[in-house]
Each structure stands twice: as C-alpha cells, then as structure tokens.
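Structure assessment
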Amino acid sequence: MTREWNIVVCVKQVPDADDVSIDPETGTLNRSDAAAVLNKPDYNAIESALTLKEQVGGTVTAVTMGPPFAVAVLETAVALGADDGVLLTDRAFGGSDTWPTSLALAAIAEELEADVVICGEESTDSSTGQVPPGIAAHNGWAQLTYVEELEPAPEDEELIATRDIEGGHERIAASLPVVVAMEFGANQPRVAGLHRKIYAETDFEPEEYSASDLGIEDKVGLANSPTSVGGMDTADPVPRKKEMVEDADDLFEALEEEGLV
Amino acid sequence: MPADVDPDDYEDVWVFIEQHDGEVAKVSWELLAEGRKLADKKGERLVALLMGDDVDEIAEEAIVRGADHVLVADDPVFEPYRAGPYGAQFAALVEERNPDIALIGGTHTGRDFAGRVAVPTYAGLTADCTELEIEEDSHLLLAKRPTFGGDAMATIKCTTNRPQMATVRAGVFDPAERDESREGEIEHVEVVVGGEDDAFTRIIERVVSDVVDITDAEIVVAGGYGTEGNFSVIEELADALGGEVAATREAVEEGWAEPARQVGQTGKTVRPRLYIAAGISGAIQHLEGMNDSETVIAINSDENAPIFENADYGIVGDLFEVLPALAEKVREAKGEEVASDD
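Calculation notes
Residues numbered from 1 in each chain as written. Chains lettered and ligands numbered in written order. Predicted model: local features only at pLDDT ≥ 70, side-chain atom pairs only at ≥ 80, totals over all residues. Heavy atoms only, no water. Core = buried A, V, L, I, M, F, W, Y, C linked by side-chain atoms within 4.5 Å. Buried < 20%, exposed > 50% of the residue type's maximum accessible area, 1.4 Å probe, protein only. Helix = DSSP H or I, 4+ residues; strand = E, 2+ residues; numbered from the N terminus. Contact = heavy atoms within 4.5 Å. Buried area = accessible area lost by both parts, 1.4 Å probe. Salt bridge = Lys/Arg side-chain N within 4 Å of Asp/Glu carboxyl O. Polar contact = N/O pair within 3.5 Å; in protein donor to acceptor, adjacent residues only side chain to side chain. Nonpolar A, V, L, I, M, F, W, Y, C, P; charged D, E, K, R; others polar. Pairing = 2+ DSSP bridges. Axes fitted to C-alpha atoms, helices over the stretch in contact; angles between N-to-C directions. Parallel < 35°, antiparallel > 145°, perpendicular 65-115°, else oblique. Left-handed = near helix turned anticlockwise from the far one by under 90°.

The next point concerns the nonpolar core. Grouped together as the largest cluster of nonpolar side chains are 39 residues, with contacts concentrated most on A:V116, A:I118, A:L144, A:L150, A:L159 and A:V180. Take this core: its biggest share by element is seven residues, from helix α2 (residues 71-80) of chain A. One finds A:L251, B:I219, B:V252 and B:L274 within the second-largest nonpolar core, a separate group that totals 35 residues.

So, on to the interface of chain A and chain B. The interface of chain A with chain B comprises 78 residues on the first partner and 78 residues on the second. In this assembly, chain A packs against chain B so that about 6800 Å² is buried in total across both faces, 56% of it on carbon and sulfur atoms. The largest per-residue losses of area from chain A upon contact with chain B belong to A:E166, A:R240 and A:L260, which jointly make up 10% of the total buried on that side. The interface formed by chain A and chain B contains eight salt bridges. In this structure, A:R240 engages B:D312 in a salt bridge whose closest nitrogen and oxygen atoms are separated by 3.3 Å. Summed over the shared surface of chain A and chain B, the number is 38 residue pairs in polar contact (both at pLDDT 80 or more). Those elements that place two or more of their residues in the side of chain A that touches chain B are α4 (131-139), β9 (142-153), β10 (158-165), β11 (168-175), β14 (228-234), β15 (243-244) and α6 (248-257) of chain A. Ranked by the residues each element gives to the side of chain A that touches chain B, the list is headed by β11(A), at eight residues. For the side of chain A that touches chain B, the class distribution of residues is 34 nonpolar, 24 polar and 20 charged. In terms of strand pairing, β15(A) meets strand β18 (residues 313-316) of chain B through two bridges, oriented parallel. Bridging from a neighbouring strand, A:M244 pairs with B:G314 of β18(B).

This paragraph deals with the packing of α2(A) against helix α5 (residues 194-202) of chain A. All names here are of chain A. Look at α2 against α5: their axes get within 8 Å of each other, and the N-to-C directions meet at 150°. Viewed along their axes, α2 and α5 adopt a mutual orientation that is roughly antiparallel. Between α2 and α5 lies a crossing of right-handed hand. Taken together, the residues of α5 that come into contact with α2 (itself represented by E75, V78 and A79) are R196, K197, Y199, A200 and E201.

What follows deals with the environment of B:V117. Residue and element names in this part refer to chain B. For V117, the location among the structural elements is in helix α4 (residues 108-121). The exposure class assigned to V117 is buried, which follows from its relative accessible area of 0%. Between the C-alpha atom of V117 and that of V77, which follows or precedes it by 40 residues, the distance is 17 Å. Excluding anything up to four places from it in sequence, V117 contacts G87, F90, A91, V94 and M165.

Okay, the sheet that holds strand β13 (residues 201-208) of chain B next. Across the sheet, which stays open at both edges, the 10 strands sit in the order β13(A)-β7(A)-β6(A)-β1(A)-β8(A)-β12(A)-β9(A)-β10(A)-β11(A)-β13(B) with mixed pairing between neighbours. Strands with a single pairing partner mark the edges of an open sheet, and in this sheet they are β13 (207-209) of chain A together with β13 of chain B. Geometrically, the sheet is characterised by an average inter-axis angle of 30° between neighbouring strands, direction not taken into account. Where β9(A) meets β10(A), six bridges bridge the pair, whose relative direction is antiparallel. Bridge pairing in β10(A) links A:P152 to A:L159. α4(B) rests against β9 and β10 of chain A of the sheet, and its axis sits at about 100° to β9(A).

Next comes the structure, spelled out in structure tokens:
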C-alpha cells in the first residue's frame, strides 16, 4: 500500500484578460472595468491536481494569496472539485513581489505538509512565471516547470513529468515533495458540477492564514521585496501605414514596390 | 530593507551562457552584446558563466563574442540541464563573487532556474525583459518589461538587493559579433554540486529535434484562428516566398502548428522584413511578438479586426482566396526572374 498525497494547488485572482481591450484612438489598454477572475493557466493546474488525486488518492487543497474577496477563486477551485481552500490574507502581504509571494506559498505548502504543489505556468497579469520555481527554492524542493503531462509513481515517492524544452521534450522524475508548473493549455479543464458549485458558493468557508500565522510577517510585503516598479510608460504603438488594398494583385504590387518579393 | 548589502561590494556584469549538449542558445550571444554595453557603461568586467560537460570551446567563443572573463563549471552533473544543479552552482558563485548584475536568457531553461539563484541569494529578479539600461547617476540597472499584454512598459529597479538579476527575452537584441583578436581569461571554478543527491530529479529521456527557429526568419507567414485549422495555404505562401510558417497561441493550442512556431507574449519574438498575418485578429498578446517586424500585412474577413490598425497593408477578404492568389503571383514573378537570368 502506498500512502495518499497531499496536493496543494496555487491559484491567483487576476483582471479578466478577455475584458481588456485596446482603445483604437490612443492605442492604450482599457481594463478599468475588467472583472476579477481565476487566472486562466490555473485551470490547467487545478485539472492536473484533481487528476493526480484520482490516480493516487489524497486531498486537493486550493491556496490563494490576496484580499478577502480573492475567496472567489477558491470557490471556483472547490466547485471544480478541490476538497478545501486556504486564503492567505493580511495587509502585511501588500506589495509583495515574487520573492515574498513565493515565500508565503512555500510556507503554507510546508504547513499543509504538501507532497505536490501545482501552479499554473504564469499569471496573465504579471506573467513572470517565477513563483513556482520560487516556492521550490524557498523550501529546497524539486521543481518541474512547463509540464505537459504528469505520471505519479507513488511506489517510489516520485512524480514523473513530460516537460516542454526548447526544441523538444523530456521525461523527468522528481522526488517528493515537488513543485509543478503546468503548461498553459496542457489539459482540458473539467466543468464544475451543479451540486459542487452550490456547495462552494453557500457552505464552503476557507481557512484563513495571516503572515504571522506563518511566522513570516517580517519577510513579506513591499518593504521586503527586492524589486520595485520604477516607472510605467505607455508602449508607443508601432507606426504602420494602415493602407487598405483590394486584392492579391494590389498586394503583390505593394510588395514589389517595397522590394519584398 | 530586504537585505543588508552594500552595493559597493558588488561589481561586474554576468551573462549566463546557455548550452545544451554543446549547442549554445542564441540568446546567450544576444546577452553578451547587451552585457558588453552595460559593463562598458559601468566601467566593469563582462563575465560569462558557463556550465556543462567539456565546454572549453564554448568558453573560448564567449571571449571572442565579448566576455573579459569566463567562469566554467565543468562536470557531468550539468548535462543534461537540471534546475537543481544549475541553481545551486550559480547561487554559490554569486555568493562567493558578488556580481552586480546577472543576465539570463528568458528561455524555458533560464526561467526554470533563475529563481533558484534569486531566492537563496535574496536577489531582485525581473522576468522576461525586453530593454536594459544603466541609470545615469545611480548606475542601477533599469530592466524594462512589457506588462499586461504589452500595452505598457514597466521599468523594474532593484535598489537595495544584489545582484540585480534579469531574464531577457530571446530575439530582441542582435547577437554579439565575433572578434577573433579579443583576449580574455577562462577560469575553471570549483563544482559545489554534491552529485546526484543535490539534483532532486533525474532525466529519463530527452528528445530534441531540429525545430525551426522562427526568430531568425526574414519572411514570416502566420496563421491564426481564421485558418480554421487549414494551414496548407499558409505553408504554400511561406514556401513561395521562401519564408517560415508561424502561428498564434490559439492555433498552437488547437494543435494546428508546433509550439516552436508560436509568435506572441508567451511565444517567440520575431523581427522579419515581412510579416503576413492571415486570419489573425490581432490580440495584444500576439502583437507583442510581431511588433518588431518591418512590414506587416494583414488578411482578415473581419474589417474591424484590430490587426488592421497594426498593419502596413490590409485586405478585408477570405484568406483561402487571397493567399493562394498571392502565392501564385509570387511564383510567377520568381519564374520570370529565373527565366530572365538564363
């Protein structure tokens, strides 16, 4: 008999990328009215966490760090099938860059005695992709990023992954505990069932942790972030001719004029 | 104050040379060119860091391409690449030698292990930068990166911690030119990785094929959702023009094109002379990967598609008619050229 696994899935609330549009006049982004939703790549993370649980047994706990209303993404995870949800919420976390963010997630993963931590590839708002390796580095655990497929090997206390590498792929085995970043689009996320949805919205209450509950109150937040935003510029739209032509013949002529064919 | 460091104790610009099985990732040479500029501006050395098994030839090439000093960690544990050994070795060298700036290619490999250096050394790490500058008075690294789909550029600074680390997108800088007359020093460093026990992982199988590098292409013909999965017209035109096929994220996710051909924020940055976008709406995610193209042509049946705002020439029409017609014209013209050469 092999033991069951504690699977932790990290999720993030982000502005809905589909709600974000370009203002054709100014070339800038409209996102003021974008709703807060679950980061899209995290659906792939949740799906593989649930699949892993079906294969080896155990529990799936969704974790998020954010303001109290970020509980909404935990509800989404629970509706999809996560057994439980944990909210890391504290003013002390405010302004954290990837170093303290991955520290907080590493601390809760340790607290929950995680065997496997699964994250999405990156967040659609800041897209650094640094948090999953950061969690692994803080805890001194193995990591598997850009994962296309997971195969558990519970008898060896290992997780085997097929991961995307430049120009191909590799199969790699990691000893537990391990942090996984699933590649965006790696699987087909399931749809939440109605009963589960109702439970998530009405009865589910997340467990809450503050920074001091995790003993990291002096190591998180803006003041403990090594990087800071030194400024924001609007990216100037690249000037284009925007010339409309009728058909392939006209287009070919234009290409000839430009010396492109 | 995150870390008790005195920035004056840190100097030199480090560039990580990524190689797999003796093949150097082109971004490494791009970073050497950019690192050379930063080092000159600061009046410091450009140091290349190389890990692998039997890689002295690459170390010499790094000098030819601009490095003053090359640190080589040579051991079988570094081949094939794994995050554990790479991160541990790099972090140990950072702690021993205090570089001020460390640049790593924003490849899957670079983005995989950069955190394993930045976390234990408490370094500031900025992801996927597209511009690097040295601030005049402070001599701080200004690492610029596109945010939220690329409409804005954020400048990230690291004022208190060292080193200032950044992963840098492939394809945005020109590679360093070779200069055989350059001189530099190659130093073999102590390998600190304690063999397999420190590795956490073992590679069972590694399959790498000759995947095309679209970042080098002069002409790119890209297809999106509007192709409805029929990429043959894209391939036909690319073939006629002597260019490469590329695709949007959607098209890659649908399985219509290989991931290596994806252009966009999460894919590759291309800078061809000619970029033809067929059946591509022009989401910001995609625009970011093609914005450096010289001439952009858009073909889309939806006249309101944002791609037309970002194209030099546009046709509102059916790509299944326009592309074959254009391919035919191109073939005719080339045929005539050949004929007139006779």
